[in-house]
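In case you want the letters, here they are:
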Amino acid sequence: MIYKNIVCPLCGCLCDDIEVVTENGRVADVKNACAFSKSKFLNHAKDRAKPRIKKNGKLVEVPIEEALDEAAEVLKKADFPLIYGLSSTETDAQRLAVELAELIGASIDNTSSVCHGPTIQAAQDCGAAKCTLGEVKNRADLVIFWGCNPAEAHIKHATRYSITPRGLYTESGKKGREIMHMDVRETKTSKMANIFVKVEPGQDYELLSAFRAVLKGYDGGDVAGVPSETIKQLAEKMKSCKFGVIFFGLGLTMTGGKHMNINAALRLVRDLNDHTKFAIIPMRGHYNVSGANDVMTWCTGYPYAVNFSKGYPVYNPGEFSAVDILARGECDAALIIASDPVAHFPAQASKHLAKIPTIVIDPKISLTSLIAKIVIPSAIAGIECDGTAYRMDGIPLRLRKVIDSEFLPDREILKKIIEKVKA
Ligand code: SF4
């Protein structure tokens, strides 16, 4: 069977031009995909989790209903449960996770608290001039990558949206675009750019502010290792383009200053709009982390780090974000969905997950599932079940099912847990 125009459930590019060939209930071939995507589709059947419960210190396989019953019991008994993850599943599952959090008075957080949470905080402070990736493809003649490395993290970004594609008003493709890369080190992305600007580590805020100062007619001298003359020339290029865009990543969000770096970037883009048309787009990592923020916002009014212990949603990153709750040892049970915090969180936070009854819903065996008390396997959204995901620019796309699965989708698992908690 050949499936065309399949959406890739891996990174925030959410490429929707993938061709998948299936044979005998397995993915046999994948076309138009990058290496990461190919690996996800072709290896979907490898390292699958099984329903397991920890008994006498060992994870033993149990019937799925027993794992679901036990998960509901743990969540019912908990005084301060935490629900975390959500960025690698579809929006119906995300909505049900919020419903469950409200039901049990949990804190609920998604992976944006360790990636683009500061981006959201900055936009809440000063707004953001955004656009879609389609507008970039069709209009952008100046593309700036700041603190990100799409050549290695969002592999098809350059060819589908930002560097080489020929669009309505960008008929000459790469030739008609100026590409700048601002980063602390040269990467494969620098090699795709016309201009690479090496920024002193930790001084992005200063450099962004220096561009704003130059736009307002001031000269702040050399900043962040970049000569004053270069700053002026680059500011002139930004002012004189027809349509500019900044793509930025964890080099801004997760370095000193965090949301203040993004604040400076958003304000630079706002200032540039006094001269020309400029927009800014975060390079979102997981394929549906944008959806996690959107779904939590529709349901609670807030994008992440929400607490329901008072019976209504309270938002406070730093207080109700998963790393902080875990590092302070506050929660007494955790439900992890479509995420592997033990592989990514600081040791102190991971240690607490190992101490408390942790429930993991995930298609694959992960480091978190190895320390969990209960493991519930699920179908892979976008391969084994359908759903909706939101691209890095906020555009929703429909994930399709290409393979039948013995496992339940995350949304069915969450529905069952909700019914059991209510019973
Ligand atoms: S760039 Fe991202 S969305 Fe596109 S095929 Fe590769 S992993 Fe999938």
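The structure this text deals with has already been given above.
For the structure given in this document, a descriptive report is provided here.

The rules behind each value
- The numbers attached to residues start from 1 for each chain and follow its sequence in the written order.
- Totals for whole chains, interfaces and linings use every residue, but because this is a predicted model, local features are given only for residues with pLDDT of at least 70 and side-chain atom pairs only at 80 or more, for both listing and counting.
- The side-chain values count all of the structure's non-hydrogen atoms but skip hydrogen atoms and water molecules.
- Residues are counted as near a molecule or strand when any one of their heavy atoms sits within 4 Å of it.
- Note on definitions: the grid is 1 Å and covers protein atoms alone; a cavity is a set of points where a 1.4 Å probe fits but cannot get out; a pocket is an open set with protein on both sides within 12 Å along at least five of seven lines; lining residues have an atom within 4 Å of a point.
- Each molecule is assigned to a cavity or pocket provided more than half of its atoms lie within 2 Å of the corresponding grid points.
- Charged means Asp, Glu, Lys or Arg here, nonpolar means Ala, Val, Leu, Ile, Met, Phe, Trp, Tyr, Cys or Pro, and polar covers whatever is left, Gly included.
- The buried label goes to any residue with under 20% of its type's maximum accessible area, the exposed label to any with over 50%, and the partly exposed label to all in between, with areas taken from a 1.4 Å probe on protein chains only.
- Comment: elements are numbered from the N terminus, with helices defined as DSSP H or I runs of at least four residues and strands as E runs of at least two.
- We call two strands paired when DSSP finds no fewer than two bridges between them.
- Here the nonpolar core consists of buried residues drawn from Ala, Val, Leu, Ile, Met, Phe, Trp, Tyr and Cys, with membership extended through side-chain atoms lying within 4.5 Å.
- Between the first and last residue of a helix there are one fewer steps than residues, each counted as 1.5 Å, and that sum is the expected span.
- What the arc covers is the set of directions going from the helix axis to the C-beta atoms.
- When checking whether two residues touch, look at their non-hydrogen atoms; a contact exists if any pair is within 4.5 Å.

As for the site of the ligand
Right, on to step 1. Looking at the ligand, the residues that line it are Cys8, Leu10, Cys11, Cys13, Leu14, Cys15, Cys34, Ser37, Ile155 and Lys156.
Right, on to step 2. One can see that the ligand is located within the largest cavity.
Right, on to step 3. Residue classes in the shell around the ligand are distributed as eight nonpolar, one polar and one charged.

Brief notes about the pairing of strand E16 (residues 358-361)
Right, on to step 1. What you see with E16 is no split at all: Thr358 and Val360 on one side and Ile359 and Ile361 on the other are buried throughout.
Right, on to step 2. Pairing of strand E15 (residues 333-337) with E16, which is carried by four bridges, proceeds in the parallel orientation. Opposite Ile336, over in E16, you have Val360 as the bridge partner.

Digging into the nonpolar core
Right, on to step 1. Ile83, Leu100, Ile108, Ile376 and Ile417 are the most contacted members of the largest nonpolar core, which totals 37 residues.
Right, on to step 2. For this core, the secondary-structure elements that each account for two or more residues are helix H2 (64-77), helix H3 (91-104), helix H13 (289-300), E15, E16, strand E17 (374-376) and helix H18 (410-422).
Right, on to step 3. It is H3 that contributes the most residues to this core, seven residues altogether.
Right, on to step 4. One finds Met180, Leu215, Ala265 and Val269 within the second-largest nonpolar core, a separate group that totals 36 residues.

Some thoughts on unusual backbone geometry
Right, on to step 1. Of note in the backbone geometry, Asn24 takes a positive phi value of approximately 50° without being a glycine.
Right, on to step 2. One non-glycine residue, Asn56, adopts positive backbone phi at about 50°.
Right, on to step 3. Residue placement: Asn56 occurs in the loop between strand E4 (52-55) and strand E5 (58-61).

Some details on H18
Right, on to step 1. Its 13 residues place the ends of H18 18 Å apart at the C-alpha level, agreeing with the 18 Å of an ideal helix rising 1.5 Å per residue.
Right, on to step 2. Listed as buried for H18 are Asp410, Arg411, Ile413, Leu414, Ile417, Ile418 and Val421. Angular distribution of buried residues about the axis of H18 spans 160°; they occupy a single face of the element.
Right, on to step 3. On its buried side, H18 packs onto H2, H3, E15, E16, E17 and strand E18 (387-390).

Quick word on the side chain of Ser350
Right, on to step 1. Within the secondary structure, Ser350 sits in helix H16 (residues 347-355).
Right, on to step 2. If we skip the residues at most four places from it in the chain, Ser350 touches Pro341, Val342 and Phe345.

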